[in-house]
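Here is what each chain is made of, one letter per residue.
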Amino acid sequence: MMTFDLFHAAADDGTYELSINESPPLHFNTRGAALGYAVKLANQRHRQGLDYAINIEGGDGRWRLFEGWRLCA
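The rules behind the values
Residues numbered from 1 in each chain as written. Predicted model: local features only at pLDDT ≥ 70, side-chain atom pairs only at ≥ 80, totals over all residues. Heavy atoms only, no water. Helix = DSSP H or I, 4+ residues; strand = E, 2+ residues; numbered from the N terminus. Expected span 1.5 Å × (residues − 1). Buried < 20%, exposed > 50% of the residue type's maximum accessible area, 1.4 Å probe, protein only. Pairing = 2+ DSSP bridges. Axes fitted to C-alpha atoms, helices over the stretch in contact; angles between N-to-C directions. Salt bridge = Lys/Arg side-chain N within 4 Å of Asp/Glu carboxyl O.

Draft legend 1. Inspection of helix α1 (residues 31-47) at higher detail. Between its terminal C-alpha atoms α1 stretches 24 Å, which fits the 24 Å expected from 17 residues at 1.5 Å a residue. Of all the positions in α1, only A34, L35, A38, V39, L41, A42, N43 and R45 are classed as buried. Within two residues after α1, G49 carries a phi angle of roughly 75 degrees, on the positive side.

Draft legend 2. The arrangement of the sheet that holds strand β4 (residues 52-57) in detail. Spatial strand order, β3-β2-β1-β4-β5: 5 strands in an open sheet with mixed pairing. Bordering the open sheet on either side are β3 (26-28) and β5 (63-65), each of which pairs with just one other strand. Looking at each pair of strands side by side, their axes are set apart by 25 degrees on average, direction ignored. For strand β2 (residues 16-20) and β3, the ladder comprises 3 bridges, and the chain directions are antiparallel. Bridge pairing in β3 links E17 to H27.

Draft legend 3. Layout of the pattern of salt bridges. By the definition in use, this model includes 1 salt bridge. In this structure, R64 engages D60 in a salt bridge whose closest nitrogen and oxygen atoms are separated by 2.7 Å. R64 gets classed as partly exposed once you look at its relative accessible area, which sits at 37%. Given a relative accessible area of 48%, D60 falls into the partly exposed group.

Note that all results are geometric; they support no functional claim without further evidence.
This is the structure:
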């Protein structure tokens with residue numbers, strides 16, 4: 001299972017962080033760009049029959065499973 005964790009708040013440098021499998025985060029100029037990258041990789045995994053989860057942190061600090069990735073493909 002591959003997990004993508006998209007943090008709500010921007011990092012100190014103003015970029016948005018996306019962690020894959022709890023690795024050091026990748027940095028993107030916008031939260032949308034980070035989500036788009038996660039969706040792209042999720043689509044690749046889906047086509048290969050592999051599992052994944054895209055988790056998005058909300059403004060309230062709660063994590064939620066993003067299930068709308070097919071709408072973004």
